[in-house]
Amino acid sequence: MITIFRYTPGTGCEETHDPATLVELPKTGTYLWVDLQAPTPEEADVLSRLFNFHPLAVEDCWHEPQHSKVDDYGEYIFMVVHGVRYDAQNDDFSTHELNIFLGASFLVTFHTYHSRSIDAVKDNVRRHPNAMGRGMDFVLHQIVDRVIDNYFPKLEIIESKIDDLETELVTDVRPELLTRIFDLRRTVAHLKRVATQEREVLIQMSRGDFPFVSERAQVYFKDIYDHLYRIVEGTDNHRETLNVMVQVYVSMISNQLNHTMRVLTRIAPIMLPLAVITGIYGMNFDFMPELQWTFGYPLVLLLMLVVSIVMISYFRRRKWL
Amino acid sequence: MITIFRYTPGTGCEETHDPATLVELPKTGTYLWVDLQAPTPEEADVLSRLFNFHPLAVEDCWHEPQHSKVDDYGEYIFMVVHGVRYDAQNDDFSTHELNIFLGASFLVTFHTYHSRSIDAVKDNVRRHPNAMGRGMDFVLHQIVDRVIDNYFPKLEIIESKIDDLETELVTDVRPELLTRIFDLRRTVAHLKRVATQEREVLIQMSRGDFPFVSERAQVYFKDIYDHLYRIVEGTDNHRETLNVMVQVYVSMISNQLNHTMRVLTRIAPIMLPLAVITGIYGMNFDFMPELQWTFGYPLVLLLMLVVSIVMISYFRRRKWL
Amino acid sequence: MITIFRYTPGTGCEETHDPATLVELPKTGTYLWVDLQAPTPEEADVLSRLFNFHPLAVEDCWHEPQHSKVDDYGEYIFMVVHGVRYDAQNDDFSTHELNIFLGASFLVTFHTYHSRSIDAVKDNVRRHPNAMGRGMDFVLHQIVDRVIDNYFPKLEIIESKIDDLETELVTDVRPELLTRIFDLRRTVAHLKRVATQEREVLIQMSRGDFPFVSERAQVYFKDIYDHLYRIVEGTDNHRETLNVMVQVYVSMISNQLNHTMRVLTRIAPIMLPLAVITGIYGMNFDFMPELQWTFGYPLVLLLMLVVSIVMISYFRRRKWL
Amino acid sequence: MITIFRYTPGTGCEETHDPATLVELPKTGTYLWVDLQAPTPEEADVLSRLFNFHPLAVEDCWHEPQHSKVDDYGEYIFMVVHGVRYDAQNDDFSTHELNIFLGASFLVTFHTYHSRSIDAVKDNVRRHPNAMGRGMDFVLHQIVDRVIDNYFPKLEIIESKIDDLETELVTDVRPELLTRIFDLRRTVAHLKRVATQEREVLIQMSRGDFPFVSERAQVYFKDIYDHLYRIVEGTDNHRETLNVMVQVYVSMISNQLNHTMRVLTRIAPIMLPLAVITGIYGMNFDFMPELQWTFGYPLVLLLMLVVSIVMISYFRRRKWL
Amino acid sequence: MITIFRYTPGTGCEETHDPATLVELPKTGTYLWVDLQAPTPEEADVLSRLFNFHPLAVEDCWHEPQHSKVDDYGEYIFMVVHGVRYDAQNDDFSTHELNIFLGASFLVTFHTYHSRSIDAVKDNVRRHPNAMGRGMDFVLHQIVDRVIDNYFPKLEIIESKIDDLETELVTDVRPELLTRIFDLRRTVAHLKRVATQEREVLIQMSRGDFPFVSERAQVYFKDIYDHLYRIVEGTDNHRETLNVMVQVYVSMISNQLNHTMRVLTRIAPIMLPLAVITGIYGMNFDFMPELQWTFGYPLVLLLMLVVSIVMISYFRRRKWL
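Below is a summary of the structure that appears in this document. (Residues numbered from 1 in each chain as written. Chains lettered and ligands numbered in written order. Predicted model: local features only at pLDDT ≥ 70, side-chain atom pairs only at ≥ 80, totals over all residues. Heavy atoms only, no water.)

### Examining the relation of the copies chain B and chain D
Note on the chain copies: they are related by a rotation about an axis and a translation along it. Aligned on chain D, chain B shows an RMSD of 0.1 Å; the corresponding rotation is 72° and the shift along the axis is 0.1 Å. With respect to symmetry, the two chain copies, as superposed, fit the operation of a five-fold axis. Taking C-alpha positions as reference, the residue of chain B nearest the rotation axis is Gly282(B), located at 4.8 Å. (Least-squares fit on C-alpha atoms with pLDDT ≥ 70 in both.)

Here it is in structure tokens:
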């Protein structure tokens, strides 16, 4: 699907969906925003036909996955950023690519998936047509700002998952928990990598490296940079928490082993000597004077009691039990 | 609450709390300090109305948490630093934001929480009105200096907590200790992160990056930088100590297991052979010549004694016990 | 084997295999590509005789292994890149060297092994002779592009191996798995090292460091750089996954030990007291009143049952079992 | 205590201990060295009164601990280095601060502790008065050189402690060893941190950053830098050795556990079946034909022997024992 | 021992061993190489007397160990590189220092140990006197090239040691292996450190930092740099392999423990219930009807068999065995 916004000062903003209307680049003072969402080859053809974008950049649009980057092609810049998505049903985080071309008077956005950030900016442009009159860099800022702000609720989902894991870790240590911790750690590592790359992109945008980003707009890109700074920090925190949880898991396991073994070592060292004593008086020797004693039996029971007490208190003193 | 200090050379320092008196920027030679503590929207309005600060900077004031940073807006700089607070009741360390605008002749401080550092500087300005005459950069130095010096007592609290943990670790190894170690480590990591960011801010302040910080004042900001250097080093030390404590904890646990097992292995390998011997002479065969021997019983007891001694000394020699 | 392509505008591309035809460097406007595959000394002689390459560079061609690099010799650049190969029979990944000289109007490729990437470019040149007319930097791009694109299927092989390992890890923990994990990790580390070096080379190629790489071609080398970026990231991901698998392996082992021990501690502490009880009534004292009781035997059996139940429920309550 | 050396070419070097004689800065061609050791406030007063040093630098002198640094104040530089001290009685390493001001024609040293390095240089100046005539940078070099050379014997003490620990580790693994390893590691980490900071200071001194350090003297400071390079490397080595020792400790512990358990598993699986066999023939059934056999008893003994041998050899073959 | 080579164009190369012949620096166009091997003080005197080298550089010659470095003294450069030596008898790797002074027309080499690399270059100079005519930088290259190439066979020795260790690790896990792994790792770490420093030196030599290294020679030093690059990579590989071996060792140990324990848990839980059963029928109650049953005994044996089978199959199903 192709969406075309044409802004002419005075006349305002006009929206069409017909690629055939794209026959020439916007004249000075007019602006053009072309959004390509999972475009047909004919629709995507405008990239080469009208804008004459470099074949490599066009190829990058189709070919996922790219890392987030910004390439300067002189007449325009080509930028890749990543949105984040959470599929609650499959409990799966994924990132999807948004390819952007920014020229002096045009903006082209290309994405294979449906993007709610783009939709929101489209609605905004429809409601406030003059927003496009501030320049395409400001429209670009609106898009990227929404894409990046989407990371925060995802970080919160991760945080609540971590909280759940922490609770379960204390209640019941199962190997399955470890797998979940590692899965989450991999997601966090992935988000961190993406956000770090995007931070690099945004610092370039806010530094005045490109002529199509006006000085006034740079401050706004610096603001997105600050958000990404906090996102990277958030992922760092989560990562560390998850690392700690692995260590806790391991120590819980070895603690459990300790407990397990102590049950055995509390019973066995007491019972074994008693078994030997009963064994002795179960022997069938003809001459065992104790067997004929009237109080032999109670005396042996007493002996067994004494042995038990002596051993328990000895172990206690040596802190073995 | 809004507090306004106006300094005019000769007349001295005048204090008001009425935002309505803020109608124009201070003339050359006069100075203005506006402190906004949890301001009402009307009070905060002066940020845009009078000072015409950038909307993004104003938004950053309201929107916590920001990382510590300093942004150059040409006419003024916008700075975020963090104070540290310790809530002894809940045993909780927290950091709170202090937003600062510094212009050629004005200083604006914005904070949602009550800040004792700011109060102290206000008192100082009231007592020594001419302190404001040295320039707003020196007032700023006083504020930041107090905020940063507040970190040292917090580090000492952490140190005493570490000492407590070390003592407990030697006395009694419980899993609950591990959780406390990890909690403390997270606090230390947080403080380190904040202090490292602030060190970056202070190095910019002391390097002459901004025209509103006079050369004379730069030396003083360099001094705060030195304090932050020591704070970061302190957190590094604490972090390492806590890491070591985790290793000690783990080794204590596995040592305990060793002890536990040794009790069992000291008793069982001796008792089991004795039990077999008594079992043999407890069998009911019709023809067991030893049973008729007059000294069969004492001989077997002797045998059991010999077996015990032989095994113990054998284990000893093989270093098994 | 030597393969010589000579391109003259108008006449097109001519292919020979006779080193004797190489008597002078190509004139302006004509291009020369010499490919040496496991050349005989006579064939390799053209490197010094015709091109007068630096002895050290020529020596590097013969002497494997070099790291990936690009050296500027003024008249030409000398470049080393590595292809990757997977031998399915021996399940072995290996890298092989490709040595390249690029001058203003010539390209020399030198490799001891047969290279499918080179062959593909040769075929391409035969089919589209004018491809050589774009300049030798574009021919070089075609070669390096194919060499690098070859990494992706190898990464997928590694990924499928990792998946296999993960499945086996859950089904059956054997020490042999650990060796396989470590072997794979070493392969991944090797690939990462090679790709990182090549990324360095490609960034130099795309930055305009060398006069023989035209500005138009630089964009294409930047594209290969992007591929290498993703390859390095892919190896990083694999590496982390493998590290996690080591941790999972270790925790599976200690979990197994836990299970193993629990079997023992579920049986022994119950059976040992019962054995002592039977031992008591197996003693041969003359005066043991219980032995004469009519219901002595069932009472003892009952006692043993009670003891078992009491102990099991006690252990359960203490969470020992 | 204050010590004042005044050097005038021709007249030589004059020593006094009276701060009152310090009334003006040395004229060109004459040199002044003031050493303040744990000075009284009146003595320390010369810092501000005569030299007019920056209040922050003066405050740094009194306020320990500073990190090693060098600050440029235009008219003079302020430098902090750390000496290292070993208290053999308490087995304690400590570092103490030496504060230095270097101007064009004066040197001021300030230290609260008694410093043998300073004393040695004083003696040297007394014996060779013309040494001061080479310039204050050379006197400074003498001091810092001695302070840094003092690190080497300390590293040797640490090395011998490590050797001791290694011997003990092999002889007897006790948890107390781990604490000593960690203590030593912390000392080494501290020394490394200090030496790394000082290396930074020395590289600035040897690079010609400051006008008071003549080109001739820079070579000498470069020499101290080389020493610090080796000191940092030495601490790195010690650190790594200590890390390895922790790993060895842990593996020794788990090895011990293995040994411990093997004693049990060598005895128990043999003895338990034997106990069952004796138990069988200890049963009191009326009809147990084996009991009446003439050779029942020896046959059972034989059976027990056979069972033992079979199990041992079975275990051996399965490598369980 | 002192060896002096004097090269005059036309006359060729003259060799003497008399320091007294060194009275003046070589005139333009003539070259001088002085090699000092464990020199007597009189021989070493030429360093100061004739060449007037800086006292610190001369001191560095005598004072081992220095790190590899190159210092620019204006008239000459002073360089320290390290050769590596393997003492097969004591199985000990050591590095020894080679100190080098390079001026416009002279080269001075100073080493306390006998160096085979130097000897080889001497022989070469004797056989090809004109080799000295290319300039002292080329002679220096020959020396350093040989010293560095010596690292490769040492790396191979280490590799074969690692192979041995790997074989032993699989056959028999002993604590002594861990010590050998750590020893080797320390050697590898040492070599890496030295090679990394030398790589720094060589990059300076090949970059044209020093006027005495001609542009033609720089390419040759770049070649040595490439060798060092591969040496550092080789040490990195070895280091990683050794780290993996430590992990394998640890996992082998805990695996062994698992095996050890399983023997116990396979036998004990089966034997203990059987022992209780035999204990029951070994009790001496007057009224135990089973004892009078004709088939009591075989029935109990059957019962024991059934109990064993039930337990084994139960354990099997629960995967406990």
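### What to know about the pairing of strand 1 (residues 2-8) of chain E
Residue and element names in this part refer to chain E. Within strand 1, five of the seven residues are buried, leaving the element largely enclosed by the surrounding structure. Where strand 1 lies against strand 3 (residues 31-37), six bridges are found, and the strand directions are antiparallel. Paired with Thr3 across the bridge in strand 3 is Asp35. As paired elements, strand 1 and strand 2 (residues 12-16) share five bridges and run antiparallel to each other. (Buried < 20%, exposed > 50% of the residue type's maximum accessible area, 1.4 Å probe, protein only. Helix = DSSP H or I, 4+ residues; strand = E, 2+ residues; numbered from the N terminus. Pairing = 2+ DSSP bridges.)

### Describing the interface of chain B and chain D
Tallying the contact residues gives 45 residues for chain B and 52 residues for chain D. With both chains or domains summed, chain B and chain D bury close to 4300 Å², and 63% of this area falls on carbon and sulfur atoms. On the surface where chain B and chain D come into contact, there are three salt bridges. At the surface where chain B touches chain D, the tally comes to eleven residue pairs in polar contact (both at pLDDT 80 or more). For the side of chain B that touches chain D, the secondary structure elements donating two or more residues are helix 8 (215-280), helix 9 (289-292) and helix 10 (296-317) of chain B. (Contact = heavy atoms within 4.5 Å. Buried area = accessible area lost by both parts, 1.4 Å probe. Salt bridge = Lys/Arg side-chain N within 4 Å of Asp/Glu carboxyl O. Polar contact = N/O pair within 3.5 Å; in protein donor to acceptor, adjacent residues only side chain to side chain.)

### Thoughts on the nonpolar core
Soluble globular proteins tend to pack their nonpolar side chains together in the buried interior. Within the largest apolar cluster, 265 residues are counted, with the highest numbers of intra-cluster contacts made by Trp33(B), Met205(B), Trp33(D), Met205(D), Trp33(E) and Met205(E). Residue contributions to this core peak at 17 residues, all from helix 8 of chain B. Membership of the second largest hydrophobic core comes to 176 residues, among which are Phe78(A), Leu102(A), Val125(A) and Met245(A). (Core = buried A, V, L, I, M, F, W, Y, C linked by side-chain atoms within 4.5 Å.)

### Things to note about the interface of chain D and chain E
Each partner contributes to the interface: chain D provides 45 residues, whereas chain E provides 52 residues. Joining chain D to chain E, the criterion identifies four salt bridges. Arg186(E) serves as the salt-bridge partner of Glu166(D), at 3.5 Å between the closest nitrogen and oxygen. At the junction of chain D with chain E, the criterion picks out eleven residue pairs in polar contact (both at pLDDT 80 or more). Within the residue set of the side of chain D that touches chain E, elements represented by two or more residues are helix 8 (215-280), helix 9 (289-292) and helix 10 (296-317) of chain D. The element that contributes the greatest number of residues to the side of chain D that touches chain E is helix 8 of chain D, accounting for 30 residues.

### A closer look at the packing of aromatic side chains
For the coordinates displayed, the defined rule picks out 80 aromatic pairs over all chains. Measuring from centroid to centroid gives 4.9 Å for Phe51(C) and Phe106(C), while their planes differ by 45°, and the two rings are tilted. One end of the pair, Phe51(C), is in the loop between helix 2 (46-49) and helix 3 (55-62); the other, Phe106(C), is in strand 7 (residues 106-111), and 55 residues separate them in sequence. Assessed through its relative accessible area of 6%, Phe51(C) is described here as buried. On the basis of an interplanar angle of 80° and a centroid distance of 5.1 Å, the ring pair of Trp62(C) and Phe110(C) is categorised as edge-to-face. Remark: Phe110(C) occurs in strand 7 and Trp62(C) occurs in helix 3; sequence separation between them is 48 residues. Looking at Phe110(C), the relative accessible area reads 0%, which means it is buried. We note Arg134(D) situated over the ring of Phe138(D); from NZ or CZ to the ring centre the distance is 4.0 Å. (Phe/Tyr/Trp six-rings, centres within 6.5 Å; stacked < 30°, edge-to-face > 60°. Lys NZ or Arg CZ within 6 Å of the ring centre and 35° of its normal.)

### Some details on a nonpolar patch on the surface
Residues and elements named next belong to chain A. Taken together, the side chains of Trp293, Phe295, Leu299, Leu302, Leu305, Val306, Ile309 and Val310 present a nonpolar region at the surface, about 810 Å² in accessible area. For Val306, the position within the fold is in helix 10 (residues 296-317). The exposure class assigned to Val306 is partly exposed, which follows from its relative accessible area of 42%. (Patch = residues over 30% accessible without salt bridge, like charges linked within 9 Å, V, L, I, M, F, W, Y side chains within 5 Å. Areas by Shrake-Rupley, 256 points an atom, 1.4 Å probe, with all protein chains shown as cover.)

### Concerning the sheet that holds strand 1 (residues 2-8) of chain D
Residues and elements named next belong to chain D. Strand order in the open sheet formed by seven strands is 2-1-3-7-6-5-4, with mixed pairing between adjacent strands. In this open sheet, the two strands that pair with only one neighbour each are strand 2 (12-16) and strand 4 (69-72). Between one strand axis and the next, the sheet turns by 15° as a mean value, whatever way the strands run. Summarising the sheet, strand 5 (residues 76-87) and strand 6 (residues 92-103) pair through twelve bridges and their orientation is antiparallel. Residue Val81 lies in a different strand from strand 6, and its bridge partner there is Leu98. Lying on the sheet, helix 6 (residues 151-171) is in contact with strand 5 and strand 6; it crosses strand 5 at an angle near 35°. Running at roughly 150° to strand 5, helix 7 (residues 175-205) makes contact with strand 4, strand 5 and strand 6 of the sheet. (Axes fitted to C-alpha atoms, helices over the stretch in contact; angles between N-to-C directions.)

### Thoughts on the pattern of salt bridges
Residues and elements named next belong to chain A. Here the structure, examined in full by the defined rule, presents 81 salt bridges over all chains. Between Arg180 and Glu168 there is a salt bridge, with the nearest N and O atoms lying 3.0 Å from each other. Residue Arg180 is found in helix 7 (residues 175-205), and its partner Glu168 is found in helix 6 (residues 151-171); the two are separated by twelve residues along the sequence. Take Arg180: its relative accessible area is 29%, and that puts it in the partly exposed class.

### Here we look at the side chain of Ser308(C)
Position of Ser308(C) relative to the elements: it lies in helix 10 (residues 296-317). Residue classification places Ser308(C) among the buried residues on the basis of a relative accessible area of 14%.

### Details of the packing of helix 8 (residues 215-280) of chain C against helix 10 of chain C
Residues and elements named next belong to chain C. Where helix 8 meets helix 10, the closest approach of the two axes is 10 Å, and the angle between their N-to-C directions is 155°. Here helix 8 is positioned roughly antiparallel relative to helix 10, judged by the angle of their axes. Along this stretch, helix 8 crosses helix 10, giving a crossing that reads as right-handed. The residues of helix 10 that touch helix 8, namely those facing Pro269, Ile270, Pro273, Leu274, Ile277 and Thr278, are Val300, Leu303, Met304, Val307, Ser308, Met311, Ile312 and Phe315. (Parallel < 35°, antiparallel > 145°, perpendicular 65-115°, else oblique. Left-handed = near helix turned anticlockwise from the far one by under 90°.)

### Considering the packing of helix 6 of chain D against helix 8 of chain D
Pairs of packed helices are described in terms of their axes, by the angle between the two and the distance that separates them. Residues and elements named next belong to chain D. Relative to each other, helix 6 and helix 8 sit at 15°, their axes nearing to 11 Å. The orientation of helix 6 with respect to helix 8, classified from their angle, is roughly parallel. Remark: the crossing between helix 6 and helix 8 carries left-handed chirality. Two secondary-structure elements touch here, helix 6 through Tyr151, Phe152, Leu155, Ile158, Glu159, Ile162, Leu165, Glu166, Leu169 and Val170 and helix 8 through His227, Arg230, Ile231, Thr235, His238, Thr241, Leu242, Met245, Val248, Tyr249 and Met252. Looking at side-chain class alone, the contact of helix 6 with helix 8 contains 14 nonpolar, four polar and three charged residues. (Nonpolar A, V, L, I, M, F, W, Y, C, P; charged D, E, K, R; others polar.)

### Looking at the sheet that holds strand 6 (residues 92-103) of chain B
Residue and element names in this part refer to chain B. Across the sheet, which stays open at both edges, the seven strands sit in the order 2-1-3-7-6-5-4 with mixed pairing between neighbours. The open sheet has two free edges, formed respectively by strand 2 (12-16) and strand 4 (69-72), since each of these has just one partner strand. Averaged over all adjacent pairs, the angle separating strand axes in this sheet is 15°, with direction ignored. Bridge analysis of strand 4 against strand 5 (residues 76-87) gives four bridges, and the strand direction is antiparallel. Note that in strand 5 the partner of Asp72 across the bridge is Ile77. Helix 4 (residues 116-127) rests against strand 1 (2-8), strand 2, strand 3 (31-37), strand 6 and strand 7 (106-111) of the sheet, and its axis sits at about 145° to strand 3.

Just distances and angles here, no functional claims.
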